[in-house]
Protein chains: 2
Amino acid sequence: MTYATLINFIKKQKSYLCVGLDSDENKIPVFLQKNTNAIIDFNKAIIDATADFCVAYKINTAFYEAYGTKGWEIIEKTLEFIPKTHFKIADAKRGDIGNTSDKYAQTFFETFNFDAVTVAPYMGEDSVMPFLKYKNKWVILLALTSNQGSKDFQQLTLENGQKVFEKVLETSQNWGNENNLMYVIGATNPLELKQIREKYPKHFFLVPGVGAQGGDLNEVSKAALNDNVGLFINASRSILYASNQEDFAEKAKKEAQKMQKEMEKWILTP
Amino acid sequence: MTYATLINFIKKQKSYLCVGLDSDENKIPVFLQKNTNAIIDFNKAIIDATADFCVAYKINTAFYEAYGTKGWEIIEKTLEFIPKTHFKIADAKRGDIGNTSDKYAQTFFETFNFDAVTVAPYMGEDSVMPFLKYKNKWVILLALTSNQGSKDFQQLTLENGQKVFEKVLETSQNWGNENNLMYVIGATNPLELKQIREKYPKHFFLVPGVGAQGGDLNEVSKAALNDNVGLFINASRSILYASNQEDFAEKAKKEAQKMQKEMEKWILTP
């Protein structure tokens, strides 16, 4: 998907919501758990209920790999349910030496038709470049994550005064541009988010941590929106598990709609 | 597998060779490529040919994921061919927020019965701990990798004078110990390898980069062996593709045997 197509869709939907399909057999409604296709049925119901209010779906590969071979079949099926209009993210956090990253890129961009994949930066340039070779596909590079452990290495200060995640942002500017490279920036510190946006005004940010992890939609929007929106706010658990009863899809829809209504205000009056 | 079992097996085999199954449909012998089970047949032949000379197999998940669902079936089958005596590594380079790393740990330690998984440190403590909860299972944490891109972030100097990878080694000492935590340390700089070994005398190191990537077996052994061997040297392409003819398994065996013979000298006279 091109930058222009993505922006147009976001403006049409009046939403920058990404629904994270971290679908967990133990957390979906009990009545569904009896079904052998439980996760497939659950994902279909969630996608049908939320598609009008979001612009992207993020499949967290860990939740599917845990089922082994069957899990990858569920990913395949789930991708078929997602409307062609929507941006499809493999939240896979891959990254390895060049010839191996080549294979991961092939996995997510060819074998499965994702638009984007999250990539971990630790192994540097040659671990990321294979993903950037694909036309109209995207790398979403981990810069500053929303978890406690982001303090351990990402937040360390280098001898030149930069933090490690700031160096990741700076160095990766040489690898791609706003047409093929986005960043994961956690929602846990709106001030930091604002400073990063000021320095990198054009790139899309994928912001996790709103909802179950405590980040606030309006604070994030205020800090990180740019002239072209340039933002996905991801919500997973708060939408998927809005109810664990038969009304789960209806409740998921309401939660997604509520977030879209908040976002609409920011798109109309940025 | 426990530390003691692993050491005993290494001493029995007189080998610390890890065979990396980075099996690529485009590189295996042409006569095999016609077969629909080409990779399965190839892996079986390689395992049968090399099992007497190595102590571990490393499955690089990228090469299998590229086939989609079928790829995970190949991983399942391949694991069945590996003798119970051998240490089984998922070279997956995973790592995510806690509830997601939980799922990856479940994938590799429960759904598939690997002994160890490679983990990327960028997201910090809570991204690694879920893997360390499993008894007799191992994390192999990326510290210093063998690729060019290791310079981009791993080799940066922090304000306290430490390099980023040194901080990863130091901080992770609080997360696990030599009974559940190993490190990936690239073979490209034996002096650095020696210094790391002096600082961390007990932990196992998984050393890639010998063979196709240019590292030298004897230099690595001299620098990194400890009193309990404490070392896996990985070879992938140099063994897998020793020949692309019908004699590929025989040539793979010879290459593995040659490496084992070199290793035997180091185990007998460390």
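Criteria and cut-off values
Residues numbered from 1 in each chain as written. Chains lettered and ligands numbered in written order. Predicted model: local features only at pLDDT ≥ 70, side-chain atom pairs only at ≥ 80, totals over all residues. Helix = DSSP H or I, 4+ residues; strand = E, 2+ residues; numbered from the N terminus. Rg over C-alpha atoms; globule rule 2.2 N^0.38 Å. Buried ≥ 20, exposed ≤ 12 C-beta atoms within 10 Å, placed from the backbone. Core = buried A, V, L, I, M, F, W, Y, C linked by C-beta atoms within 7 Å. Contact = placed C-beta atoms within 7 Å. Pairing = 2+ DSSP bridges. Nonpolar A, V, L, I, M, F, W, Y, C, P; charged D, E, K, R; others polar. Axes fitted to C-alpha atoms, helices over the stretch in contact; angles between N-to-C directions. Expected span 1.5 Å × (residues − 1). Least-squares fit on C-alpha atoms with pLDDT ≥ 70 in both. Right-handed = clockwise from strand over helix to strand, strands pointing away. Parallel < 35°, antiparallel > 145°, perpendicular 65-115°, else oblique. Left-handed = near helix turned anticlockwise from the far one by under 90°.

Draft legend 1. A look at the overall build of chain A. Along its length, chain A carries 12 helices and eight strands. A globule of 270 residues ought to have a C-alpha radius of gyration of about 18 Å, and chain A, at 18 Å, matches this closely. Structurally, chain A occupies a C-alpha span of about 55 × 45 × 35 Å along its principal axes. A burial count over chain A gives 54% of its 270 residues as buried.

Draft legend 2. Summary view of the nonpolar core. The biggest cluster of nonpolar side chains holds 181 residues, and the ones touching the most others in it are A:Leu17, A:Ile140, B:Leu17 and B:Ile140. Setting aside chain neighbours within four positions, we find B:Leu17 in contact with B:Phe53, B:Cys54, B:Val55, B:Ile233, B:Ala235, B:Ala256, B:Met259, B:Gln260 and B:Met263.

Draft legend 3. The pairing of strand E2 (residues 56–60) of chain B, seen in detail. All names here are of chain B. Among the five residues in E2, five count as buried, and that is most of the element. In the sheet, strand E1 (residues 17–21) pairs with E2 via four bridges, with the strands oriented parallel. Residue pairing in the sheet places Val 19 in a bridge with Tyr 57 of E2. Pairing of E2 with strand E3 (residues 87–94) involves five bridges; the strand directions are parallel. Paired with Tyr 57 across the two strands is Lys 88, which belongs to E3.

Draft legend 4. Local environment of the interface of chain B and chain A. Listed per partner, the contact involves 50 residues of chain B and 50 residues of chain A. For the side of chain B that touches chain A, the secondary-structure elements that each account for two or more residues are helix H4 (61–65), helix H5 (69–81), E3, helix H6 (98–111), helix H7 (125–132) and helix H8 (164–172) of chain B. Take the side of chain B that touches chain A: its biggest share by element is seven residues, from H6(B). For the side of chain B that touches chain A, the per-class residue count stands at 18 nonpolar, 19 polar and 13 charged.

Draft legend 5. Structural view of the sheet that holds strand E7 (residues 205–207) of chain A. All names here are of chain A. Spatial strand order, E1-E2-E3-E4-E5-E6-E7-E8: eight strands in a closed barrel with parallel pairing. Averaged over all neighbouring strand pairs, the angle between strand axes comes to 30 degrees, with direction disregarded. Inspection of the sheet shows strand E5 (residues 138–144) paired to strand E6 (residues 181–185) by five bridges, in the parallel sense. Pairing of Leu 142 across the sheet is with Val 184, part of E6. Against the sheet, helix H8 (residues 164–172) contacts E5 and E6, and its axis sits at roughly 150 degrees relative to E5.

Draft legend 6. Focus on helix H12 (residues 248–268) of chain B. Taking 1.5 Å per residue as the helical rise, H12(B) with its 21 residues ought to reach 30 Å, and the 30 Å between its terminal C-alpha atoms agrees with that figure. Residues of H12(B) that are buried in the fold lie against E1, helix H3 (38–50), helix H10 (217–224), strand E8 (231–235) and helix H11 (237–240) of chain B.

Draft legend 7. Highlighting the relation of the copies chain B and chain A. When chain B is fitted to chain A, the residual RMSD is 0.0 Å, and the transformation amounts to a turn of 180 degrees plus an axial shift of 0.0 Å. Here the copies are linked by what is in effect a two-fold axis. Looking at chain B, 100% of its interface residues are interface residues in chain A too, so the copies touch through the same face.

Draft legend 8. Examining unusual backbone geometry more closely. Residues and elements named next belong to chain B. In the Ramachandran plot, Lys 93 falls in the positive-phi region, its phi being about 50 degrees despite a non-glycine side chain. Topologically, Lys 93 is positioned in strand E3. What makes Lys 93 buried here is the crowd of 28 C-beta atoms within 10 Å.

Draft legend 9. Structural context of the environment of A:Leu206. Residues and elements named next belong to chain A. Topologically, Leu 206 is positioned in strand E7. Distance in space between the C-alpha atoms of Leu 206 and Glu 125 is 21 Å, their sequence separation being 81 residues. Discounting chain neighbours no more than four positions away, the residues touching Leu 206 are Cys 18, Ile 140, Met 182, Val 184, Phe 232 and Asn 234.

Draft legend 10. Representation of the sheet that holds E3(B) in the model. Residue and element names in this part refer to chain B. Pairing in this closed barrel of eight strands is parallel, and the strands run E1-E2-E3-E4-E5-E6-E7-E8 around the ring. Between one strand and the next, the sheet's axes are offset by a mean angle of 30 degrees, whatever the strand orientation. The sheet contacts of H7 involve strand E4 (116–119), strand E5 (138–144) and strand E6 (181–185), and relative to E5 the element is tilted by about 145 degrees.

Draft legend 11. Main features of the environment of A:Lys253. All names here are of chain A. Mapping Lys 253 onto the fold places it in helix H12 (residues 248–268). Note on Lys 253: 21 C-beta atoms within 10 Å, which makes it buried. In this structure, the C-alpha to C-alpha distance between Lys 253 and Lys 12, residues 241 residues apart in sequence, is 18 Å. Residues within four places of Lys 253 in sequence aside, it is in contact with Ala 49 and Thr 50.

Draft legend 12. Layout of the pairing of E6(B). Residue and element names in this part refer to chain B. Where burial is concerned, most of E6 is hidden: five out of the five residues are buried. Residues of E6 alternate between two faces, with Leu 181, Tyr 183 and Ile 185 on one and Met 182 and Val 184 on the opposite face, all of them buried. The handedness of the E5 to E6 crossover, carried by H8, is right-handed. Across two bridges, E6 lies against strand E7 (residues 205–207) in parallel orientation. Each bridged residue has a counterpart across the sheet, and for Tyr 183 the counterpart in E7 is Phe 205. As for the winding sense of the linkage, the β-α-β connection from E6 through helix H9 (residues 190–199) to E7 is right-handed.

Draft legend 13. Representation of the packing of H10(B) against H12(B) within the structure. Residues and elements named next belong to chain B. Look at H10 against H12: their axes get within 11 Å of each other, and the N-to-C directions meet at 30 degrees. By the angle class used here, H10 and H12 are roughly parallel. The element H10 and its partner H12 pack so that their crossing is right-handed. Contacts from Leu 217, Asn 218 and Ser 221 in H10 reach Met 259, Glu 262, Met 263 and Trp 266 in H12. Its residues assigned to classes, the contact of H10 with H12 shows four nonpolar, two polar and one charged.

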